[in-house]
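Listed here are the chains, written in short residue letters.
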Amino acid sequence: MRIFLLKFFLLYSFAAFLTGEPPRPQYGGGIVRNPEFNDGLKGWSVFGYGQIAERTSDTGNRFLATDRRSLPHQSMSQKVYLQRGMLYTFSAWLQVDQGNTTVTAIFKTAKDGFVHVGAVEARSGCWSMLKGGLTAKTSGPAEFYFQCENTNVEIRVDSVSLQPFTKDQWRAHQAESISKVRKKTVAIKAVDANGHALPGASVSIQQKRSGFPFGCAIANTILENSAYQSWFTSRFTVTTFENEMKWYANEQEKGKEQYADADAMLAFAKQHGIAVRGHNVVWNDPQDVQSWVKSLPTQQLREAVNRRFNSVMKRYRGRVIAWDVVNENVHFSYYESQLGQNASSVFYQQAHQLDRNALMFLNDYNTLEAPVDVTVTAEKYLRRLWQIQSFGNLPRMAIGLEGHFDTPDISYMRSALDKLAGAKVPIWLTEVDVGHANQAKDLEDVLREAYSHPAVQGIVIWGAWHPQGCWRMCLTDNNFKNLPTGDVVDKLIFEWRSDNVAATTDADGLHRAELFHGEYKITIKHPSSNSSSMLNLTVDSASQNHNVLRVMV
């Protein structure tokens, strides 16, 4: 089963559309009966009093199609039995007979209602892969079907799969993936001045800094609070300012710019070697646009936005590692409505010109958190990304996934990350929190899933401290004693670091160590010498496994 799970993680991640026939179903269809319709309609039913029919392509491939739909939910379906606590991966290849339209896979359950597990933009003339997942909250019968709001189209389905995994199997794959993508094996060889191997040399390896950017948002409350500063700087390597770099904070009134808090927070971060993400240049949600900005006529609005870009980005370029250029640009379109449909594309091009070394993020929410939000499915997120990229030469685009979870579904989260990985740009979780009573467990699940995914290159938790309480999730109390969520963070930071190594070289003068990516101090001594050798080593994804590092003692 672990082999199957790894296959799920990698297979078809980058194959979203096919003009030929769809491939065989993943895992042979798993628990789906007759997944390729080789036995006609056996195992399949009509959902919603519609009609379905078996079809055969010109090449002899069999698939299932709806016929004469009048309601969105009328489609083909199959009954299955879900087991509480199992994680299910779901996939299917879909097509429509005309145009392009969104098709959603939904499970009707006896106790948990209608559960959305994934969606895809189905097209005519080619097959599109719907990839999703769900975690069963209760045991019981369920029926999955496909829904499309456009009742004029015929839905065609092939190669359907539903594969269950236990939590232990899922966790085992996470551990396997972490070992593969977050670690490297380093071989150290101790030699004398003549290049001869030195058996029995003592080797000390100490990790000084993690190589994976893991951080938390901060607010201006950190500036005058030494306890907050100590707690924060002892844990994190990257941060985002909660509000202090946003336009409405920097220019609440037209022409009266205020950067004092952002300047001080940036100086604090630099002092402690903490990288900063620039959040954000402008915001596409109209409720987060200042009233004076909304009141501007078109040409003055264009000029004001241009001043904003030049003001904040020139001030901080070279001092931040990334920018959320147009925040929540998939959900909202305020600037498009005022300045034309290419407004955001123009903004991203301007941002690249102003700060060529920083990553430019498309940052939005619910792509991982809520499969029911079809506005921002992984596919629609990618479509928006490609629209912006196609406007000009934008070589440093990145995907920002806010991660404001209620009850996370880790299986769905993985399916979305797999699909987004097809863009082959950096992916970060940028504002992670969990907004309900079971925060600690669910936070750990989310962080483990993100860290184990090869495409994820950074995580920022949305837990800036305020004495009156955090936005949705705190990591500490007001005395900076960990809450259960903070304990989870500390546990994972410790787990994702290499232990100090104290070892001796073998008969060939070698010592091999599997190390997490990061910065290390290595010290080597030999009984035959009164001296020791010390060096600094960076282990990262570019390092070669088993590459022998020769150290003269």
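Conventions we followed
Residues numbered from 1 in each chain as written. Predicted model: local features only at pLDDT ≥ 70, side-chain atom pairs only at ≥ 80, totals over all residues. Heavy atoms only, no water. Helix = DSSP H or I, 4+ residues; strand = E, 2+ residues; numbered from the N terminus. Rg over C-alpha atoms; globule rule 2.2 N^0.38 Å. Buried < 20%, exposed > 50% of the residue type's maximum accessible area, 1.4 Å probe, protein only. Contact = heavy atoms within 4.5 Å. Areas by Shrake-Rupley, 256 points an atom, 1.4 Å probe, with all protein chains shown as cover. Lys, Arg positive; Asp, Glu negative; His and termini not counted. Charge placed at Lys NZ, Arg CZ, Asp CG, Glu CD. Core = buried A, V, L, I, M, F, W, Y, C linked by side-chain atoms within 4.5 Å. Phe/Tyr/Trp six-rings, centres within 6.5 Å; stacked < 30°, edge-to-face > 60°. Pairing = 2+ DSSP bridges. Axes fitted to C-alpha atoms, helices over the stretch in contact; angles between N-to-C directions. Polar contact = N/O pair within 3.5 Å; in protein donor to acceptor, adjacent residues only side chain to side chain. Disulfide = S-S within 2.5 Å. Salt bridge = Lys/Arg side-chain N within 4 Å of Asp/Glu carboxyl O. Parallel < 35°, antiparallel > 145°, perpendicular 65-115°, else oblique. Left-handed = near helix turned anticlockwise from the far one by under 90°.

Attention now moves to the overall build of the protein. If you tally the helices and strands in the protein, you get 13 helices and 27 strands. Its C-alpha atoms give the protein a radius of gyration of 26 Å, within 12% of the compact-globule value 24 Å for 553 residues. Burial status across the protein gives 56% buried among its 553 residues. When contacts within the protein are restricted to residue pairs at least 6 apart in sequence, long-range pairs at least 24 apart make up 76% of them. Per element, the accessible surface of the protein, about 23,200 Å² overall, is 48% carbon and sulfur. Between the centroid of the 58 positive side chains of the protein and the centroid of its 55 negative side chains there is a distance of 3 Å.

Here the focus is the nonpolar core. Ranked by size, the top nonpolar core spans 120 residues in total, and within it Phe309, Trp323, Tyr335, Phe347, Ile399, Leu429 and Ile459 carry the most contacts. Residue contacts for phenylalanine 347: discarding those within four places in its chain leaves Val282, Val305, Phe309, Val325, Val326, Tyr335 and Leu339. With 32 residues, the next largest nonpolar core counts Phe37, Met86, Ala105 and Cys148 among its residues.

Here we take up the packing of aromatic side chains. Overall, the coordinates contain 27 aromatic pairs when judged by the stated rule. Judged by centre distance (5.6 Å) and plane angle (70 degrees), the ring pair of tyrosine 228 and tryptophan 465 falls under edge-to-face. Linking tyrosine 228 in helix H3 (residues 226–233) with tryptophan 465 in the loop between strand S22 (456–461) and helix H13 (484–495), this pair joins segments that are 237 residues apart in sequence. A relative accessible area of 2% places tyrosine 228 in the buried class. Given a relative accessible area of 9%, tryptophan 465 falls into the buried group.

Next up on the list: the sheet that holds strand S27 (residues 548–552). The strand order S24-S12-S27 describes an open sheet built from 3 strands, whose pairing is mixed. Of all strands in the sheet, those with a lone pairing partner are strand S24 (510–516) and S27, marking the two edges. Put simply, the sheet's adjacent strands are angled 30 degrees from each other on average, direction ignored. As judged from the 5 bridges shared by strand S12 (residues 183–191) and S27, these two strands associate in the parallel manner. Bridge pairing links isoleucine 188 to leucine 549 in S27. Of the strands in this sheet, S12 and S24 are in contact with helix H2 (residues 167–181), which crosses S12 at around 45 degrees.

Moving on to the environment of alanine 105. By secondary structure assignment, the location of alanine 105 is in strand S7 (residues 100–109). A residue is classified by how much of its surface remains accessible, and alanine 105, at 1% relative accessible area, is buried. For alanine 105 and histidine 352, which are 247 residues apart along the polypeptide, the C-alpha to C-alpha distance reads 38 Å.

The subject of this paragraph is the side chain of serine 344. By the secondary structure assignment, serine 344 is in helix H9 (residues 343–354). A distance of 2.4 Å separates polar atoms of two side chains, one belonging to serine 344 and the other to glutamate 336. If we ignore the near neighbours within four places in the chain, the residues touching serine 344 are Asn284, Val326, Asn329, Glu336 and Arg384.

Attention now moves to the state of the cysteines. With the rule as written, the count across this model stands at 1 disulfide. With its sulfur 1.9 Å from that of its partner, cysteine 470 forms a disulfide with cysteine 474. Note on the cysteine 470 and cysteine 474 pair: the S-S dihedral is about 110 degrees, so by sign convention the disulfide is right-handed. In this structure, cysteine 470 and cysteine 474 share a single accessibility class: buried. No disulfide involves cysteine 126; its sulfur sits 15 Å from the nearest other cysteine sulfur, which is in cysteine 148. Judged by relative accessible area, cysteine 126 falls into the buried class, the value being 10%.

It is worth spelling out the pattern of salt bridges at this point. All chains considered together, the criterion is met by 24 salt bridges. Glutamate 449 is the salt-bridge partner of arginine 414, the closest N and O atoms lying 2.7 Å from each other. Remark: glutamate 449 occurs in helix H12 (residues 439–452) and arginine 414 occurs in helix H11 (residues 410–420); sequence separation between them is 35 residues. Connected through shared salt-bridge partners, Glu444, Arg448, Lys491 and Glu495 make up one network.

Here we come to the packing of helix H10 (residues 378–389) against H11. Orientation of H10 relative to H11, taken along the N-to-C sense of each, is 25 degrees, at an axis distance of 9 Å. It follows that H10 is roughly parallel to H11 by the angle criterion. Of the two elements, H10 crosses H11, and the hand of that crossing is right-handed. Of H11, the residues touching H10 (which contributes Ala378, Glu379, Tyr381 and Leu382) are Ala416, Lys419 and Leu420.

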